Amino acid sequence: MTGRITTTKLSIEKVSLLLQGLLDVKNNDSQKDLPKDVEELVDNLLKAQEAFVDGIDDFMHRPAECWDVDDQDTVTTIVTTCPEFLHTKDDNGNLPIHCAAEEACHKVNMMYLP
């Protein structure tokens, strides 16, 4: 190789398509395995994807006192794009709506206290 390769710019959609294509090749019987360096890249991306989803789950199950009205656009985007996050439970069996509702009820109750 002679010199540095210019970095290819891909949209998230294209990266997703490429990842799916490489996973198809990896699972295809016609090829033994992906080349080691490509397989490592795929594995790293899958681990990053898992960490991202775990982080969103943590965000959606955060303690009641951490919920804020300013997060509405973020939560709406998460729920609209991936409603699956509404069905995940934390260690106590709470859904995200339980976590958010507890704080919302607390704020409403505090507004009516003299």
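Every value quoted in this text rests on a predicted model; they were computed, and no experiment measured them. (Residues numbered from 1 in each chain as written. Predicted model: local features only at pLDDT ≥ 70, side-chain atom pairs only at ≥ 80, totals over all residues. Heavy atoms only, no water.)

J.: Please provide a residue-by-residue account of the packing of aromatic side chains, values included.
T.: Given two aromatic rings, their pairing is described by the distance between the two centres and the angle made by the two planes. What the rule picks out here adds up to 1 aromatic pair. Positioned above the aromatic ring of Phe59 is the side chain of Arg62, whose terminal nitrogen or guanidinium carbon lies 3.9 Å from the ring centre. Seen from the ring of Trp67, Arg62 lies directly overhead, with NZ or CZ sitting 3.9 Å from the centre. (Phe/Tyr/Trp six-rings, centres within 6.5 Å; stacked < 30°, edge-to-face > 60°. Lys NZ or Arg CZ within 6 Å of the ring centre and 35° of its normal.)

J.: Which residues make up the side chain of Arg62, and what values go with them?
T.: Within the fold, Arg62 resides in the loop between helix 2 (36-60) and helix 3 (72-81). Polar side-chain contacts of Arg62 include one of 2.8 Å to the side chain of Asp71. Ignoring sequence-local partners within four residues, the contact set of Arg62 consists of Trp67, Asp71, Val75 and Cys99. (Helix = DSSP H or I, 4+ residues; strand = E, 2+ residues; numbered from the N terminus. Polar contact = N/O pair within 3.5 Å; in protein donor to acceptor, adjacent residues only side chain to side chain. Contact = heavy atoms within 4.5 Å.)

J.: Go over the pattern of salt bridges with me, naming the residues and quoting the values.
T.: The full count for this structure, using the stated rule, is 3 salt bridges. Where Lys26 meets Asp43, a salt bridge forms, and the shortest distance between an N and an O atom there is 3.5 Å. Placement of Lys26 in helix 1 (residues 12-27) and of Asp43 in helix 2 is noted, with a sequence separation of 17 residues between them. Of the residues examined, Asp43 reaches a relative accessible area of 28% and is grouped as partly exposed. The partner of Arg62 in a salt bridge is Asp71, and the shortest N-O contact between them spans 2.8 Å. Just as Arg62 is buried, Asp71 falls in that class too. (Salt bridge = Lys/Arg side-chain N within 4 Å of Asp/Glu carboxyl O. Buried < 20%, exposed > 50% of the residue type's maximum accessible area, 1.4 Å probe, protein only.)

J.: Please provide a residue-by-residue account of the packing of helix 1 against helix 2, values included.
T.: Contact geometry of helix 1 with helix 2 gives a least axis separation of 11 Å together with a crossing angle of 125°. With respect to helix 2, the element helix 1 is oriented oblique. The element helix 1 and its partner helix 2 pack so that their crossing is left-handed. Contacts between helix 1 and helix 2 involve Val15, Leu19, Leu22, Leu23 and Lys26 on the former and, on the latter, Val38, Glu39, Val42, Asp43, Leu45, Leu46 and Gln49. Residues of the contact of helix 1 with helix 2, tallied by class, amount to 8 nonpolar, 1 polar and 3 charged. (Axes fitted to C-alpha atoms, helices over the stretch in contact; angles between N-to-C directions. Parallel < 35°, antiparallel > 145°, perpendicular 65-115°, else oblique. Left-handed = near helix turned anticlockwise from the far one by under 90°. Nonpolar A, V, L, I, M, F, W, Y, C, P; charged D, E, K, R; others polar.)

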